[in-house]
Amino acid sequence: YLHIGNARSALFNWLYARHTGGVFIVRIDDTDRGRSTREYEEDVLAGLRWLGLDWDEGVEVGGPHGTYRQSDRLERYQQVVAELVASRRAYPCFCTPEELAERREEAQRQGRPPGYDGRCRLLEPETAAARAAAGEPASVRLAVPRPGETTFDDVVRGEMRFGHEVLDDFVILRSDGSPTYHLASTVDDVDYRITHVARGEDLLSSTPRHILLTEAMGEPSPIYAHLPLLFGPDGRKLSKRHGDTALRAYIEGGYLADAMFNYLGLLGWSYDAETTIFSRRQAVERFELADVSKNPAVFDVDKLQWMNGEYVRAAAVDQFAAAARPFLERGLGRALEEGEWDRFRSIAPLVQERVKLLQEVPGMVGFLYREEVDYDEASWKKVMKPDLAPQVLEEARARLSAVEPWDHRGIEETLRAMLADLGIGAGKGLQPIRVAVTGTSVSPPLFETLEALGRQRTLARLVAAAGRL
RNA sequence: GGCCCCGUCGUCCAGCGGCCUAGGACGCCGGCCUUUCAAGCCGGUAACGCGGGUUCGAAUCCCGUCGGGGCUGCCA
């Protein structure tokens with residue numbers, strides 16, 4: 001599925017490609033069969049589309065390099081490996097996973113580095129070929145040049161240096177013939193003519209392997225940029241325990257794509273010293289991988305929510321209403337009828353400035369669509385004072401029945417006159433009506449609310465509430 | 001353990017030797033506005049991990065230290 005951290009990486013890649021006029025490619029890394037289902041793939045693509053990260057080449061849109069799906073390229077990976085073995089840059093390894101695990105543990109115990117000891121590298125090629133021909137299962141490992149050192153200039157981190165002592169001869173082809181991530185992704189990078197690789201910092205220490213592999217293939221390496229990791233509020237790598245790490249959860253929670261785009265863009269990058277809210281256009285204009293921060297960032301849902309509220313309020317009313325509709329219908333458990341939709345649209349502007357997430361919409365206007373008012377007891381107790389409430393409700397009912405036409409101006413005029421006549425303040429006098437009609441002491445502005453509710457329901461609810469006192 | 005990365009308000013970001021008595025944003029606190037709740041406006045809280053250098057001058061450069069994180073698989 002599309003993890004928030006991967007979404008952020010994709011976003012930075014997209015921004016960089018758009019900023020430089022480059023090509024943004026989406027390929028499917030599905031070498032791990034357990035985790036790679038079509039369902040996951042669809043979730044990832046849907047997430048990218050939702051965020052507005054369109055790609056120029058890759059899965060679904062096509063391009064000069066086939067299907068852009070690793071599972072369709074097995075022969076290519078195997079061919080590369082065969083060439084590497086032929087040129088002695090890689091070799092078959094007959095050690096079984098059990099043996100390796102055992103040796104790893106042993107090494108750990110003795111405080112030695114746990115990496116592969118390279119014993120099969122010593123096998124004569126003829127011996128190895130014979131054993132393989134006899135059907136003995138073998139993986140293939142890259143023969144890391146030793147002694148040696150791999151250096152590269154990371155766009156965000158600067159000069160990186162790794163001595164080969166710390167790199168073991170890693171597996172590039174599993175004994176079942178499938179490629180490992182290292183192999184598949186570097187072969188793809190080469191074949192797809194990738195110029196820039198921007199990915200999470202967790203892959204920083206894998207980069208020398210990728211460079212070594214690329215060199216073994218006799219090709220130039222792409223430029224690497226390792227992005228800071230995203231953390232949860234506890235300062236650990238963002239994971240399930242921090243709540244939602246799936247982009248999907250935010251889509252369904254009522255976040256707006258533009259807000260998510262903006263927020264993600266702020267995790268490790270900034271438009272300038274002062275600007276927090278910026279458009280895609282602006283981001284594309286200024287984005288530079290070299291400006292990306294090195295520090296890990298904590299994913300702050302509070303700030304995301306605030307930002308979403310900003311985007312909700314900045315949206316055109318019609319756009320907001322349309323976006324909110326599915327959330328409203330889901331909350332209600334049914335589709336909205338024509339008249340109900342109109343009623344919603346009439347108070348949508350008032351709802352718009354009161355929600356941060358579209359998810360909150362049903363809770364805010366549900367009273368419009370339910371026959372029975374669902375009274376919140378706390379609100380009731382706080383507002384329905386026995387000395388005042390009965391009088392206010394009855395008086396309001398009587399006066400409102402005569403309002404003509406039924407609109408918020410007339411309603412306001414009438415109720416204000418009532419308050420003046422009764423000699424009570426707006427706070428005290430209007431709250432009982434609000435609770436009577438919506439069930440809670442928190443709602444959109446009262447006069448508009450009554451207008452949207454309609455005279456019939458308003459009067460009926462005033463009576464019902466009075467009867468409940 | 002080994003290798004690597006990182007260290008400015010609680011959080012995100014600005015700062016790339018003097019413009020910093022460290023700036024913006026979220027959060028938090030207070031006020032204004034007000035028919036509730038929001039929104040809006042105004043104000044406040046709060047940070048250069050620590051210790052040495054270098055320099056006329058350091059948040060900015062160097063070293064050390066401490067702290068956090070990543071990797072260390074026939075996972076990606």
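Above: the structure in question.
Anyway, here's the lowdown on the structure attached to this text. Model, not experiment: these values are computed from the prediction.

Before going further, it helps to examine the overall build of chain A. Along the backbone of chain A there are 20 helices and 11 strands. Radius of gyration (C-alpha) of chain A: 32 Å, far over the 23 Å computed for a compact globule of 469 residues. In terms of its C-alpha atoms, chain A occupies a principal-axis envelope of roughly 105 × 45 × 40 Å. Counting across all 469 residues of chain A, residues that qualify as buried make up 48%. Sequence-distant contacts, at least 24 apart, represent 73% of the contacts inside chain A between residues at least 6 apart. Carbon together with sulfur atoms contributes 50% to the accessible area of chain A, which is approximately 22800 Å² in total.

If you check the shell around RNA strand B, you find 67 residues, and the closest are Arg-157, Arg-174, Ser-270, Arg-434 and Ser-443. The sugar-phosphate backbone supplies 74% of the atoms of RNA strand B found within 4 Å of the protein. Backbone polar atom of Ala-273 to a base nitrogen of RNA strand B: 3.5 Å apart, as the coordinates give it. Within the side chain of Arg-416, one N or O atom sits 3.4 Å away from a phosphate oxygen of RNA strand B. Of all the secondary structure elements, the ones that give two or more residues to the surface near RNA strand B are helix H4 (97-109), strand E4 (139-142), strand E6 (158-163), helix H6 (181-191), strand E11 (297-298), helix H11 (301-314), helix H18 (426-438) and helix H19 (446-453). Class assignment for the residues of the surface near RNA strand B results in 28 nonpolar, 18 polar and 21 charged.

Moving on: the side chain of Arg-73. Mapping Arg-73 onto the fold places it in the loop between strand E2 (57-58) and helix H3 (74-86). Overall, the relative accessible area of 11% leaves Arg-73 in the buried class. A polar atom in the side chain of Arg-73 sits 2.8 Å from the side chain of Asp-188. In this view, Arg-73 contacts Val-187, Asp-188, Asp-191 and Tyr-192; residues no more than four positions away in its chain are not counted.

This paragraph deals with the pattern of salt bridges. Taken as a whole, this structure holds 38 salt bridges when the rule is applied. Notably, a salt bridge pairs Asp-191 with Arg-76, separated by 2.8 Å at the nearest N-O pair. Note that Asp-191 is positioned in helix H6 and Arg-76 in helix H3, a separation of 115 residues in sequence. The shortest N-O distance in the salt bridge between Glu-106 and Arg-109 comes to 2.5 Å. One end of the pair is Glu-106 and the other is Arg-109, both in helix H4 and three residues apart, which spans about a single turn. The exposure class assigned to Arg-109 is exposed, which follows from its relative accessible area of 60%.

With that settled, consider helix H9 (residues 257-265). Of all nine residues in H9, eight are buried; the element is thus mostly enclosed. Within the sequence span of H9, burial applies to Ala-257, Ala-259, Met-260, Phe-261, Asn-262, Tyr-263, Leu-264 and Gly-265. Where H9 is buried, its residues meet helix H1 (4-20), helix H2 (38-51), helix H8 (247-252), helix H10 (280-286), E11 and H11.

The final tally for this structure, using the stated rule, is 13 aromatic pairs. When the centroid spacing of 5.7 Å and the interplanar angle of 75° are considered together, the rings of Tyr-250 and Phe-299 count as edge-to-face. With Tyr-250 in helix H8 and Phe-299 in the loop between E11 and H11, this pair connects stretches of sequence that are 49 residues apart. Judged by its relative accessible area of 5%, Tyr-250 is buried. Relative to Phe-287, the ring of Trp-269 lies with its centre 5.3 Å away and its plane at 50°, an arrangement referred to as tilted. Here Trp-269, found in the loop between H9 and H10, pairs with Phe-287, found in the loop between H10 and E11; they are 18 residues apart in sequence, far enough to count as distant. We classify Trp-269 as buried; its relative accessible area is 4%. One cation-aromatic arrangement involves Arg-131 over Phe-94; the distance from NZ or CZ to the ring centre is 4.3 Å.

What follows is about the sheet that holds E4. Spatially, E3-E4-E7 is the arrangement adopted by the three strands of the open sheet, whose pairing is antiparallel. Of all the strands in the sheet, the pair left with one neighbour each is strand E3 (90-93) and strand E7 (171-173). For this sheet the average axis-to-axis angle between neighbouring strands, irrespective of direction, equals 45°. Both E3 and E4 contribute to a ladder of four bridges, which runs antiparallel. Along E4, the bridge assignment pairs Ala-90 with Leu-142.

Rules used in this analysis
- Residues numbered from 1 in each chain as written.
- Chains lettered and ligands numbered in written order.
- Predicted model: local features only at pLDDT ≥ 70, side-chain atom pairs only at ≥ 80, totals over all residues.
- Heavy atoms only, no water.
- Helix = DSSP H or I, 4+ residues; strand = E, 2+ residues; numbered from the N terminus.
- Rg over C-alpha atoms; globule rule 2.2 N^0.38 Å.
- Buried < 20%, exposed > 50% of the residue type's maximum accessible area, 1.4 Å probe, protein only.
- Contact = heavy atoms within 4.5 Å.
- Areas by Shrake-Rupley, 256 points an atom, 1.4 Å probe, with all protein chains shown as cover.
- Near = heavy atom within 4 Å.
- Polar contact = N/O pair within 3.5 Å; in protein donor to acceptor, adjacent residues only side chain to side chain.
- Nonpolar A, V, L, I, M, F, W, Y, C, P; charged D, E, K, R; others polar.
- Salt bridge = Lys/Arg side-chain N within 4 Å of Asp/Glu carboxyl O.
- Phe/Tyr/Trp six-rings, centres within 6.5 Å; stacked < 30°, edge-to-face > 60°.
- Lys NZ or Arg CZ within 6 Å of the ring centre and 35° of its normal.
- Pairing = 2+ DSSP bridges.
- Axes fitted to C-alpha atoms, helices over the stretch in contact; angles between N-to-C directions.

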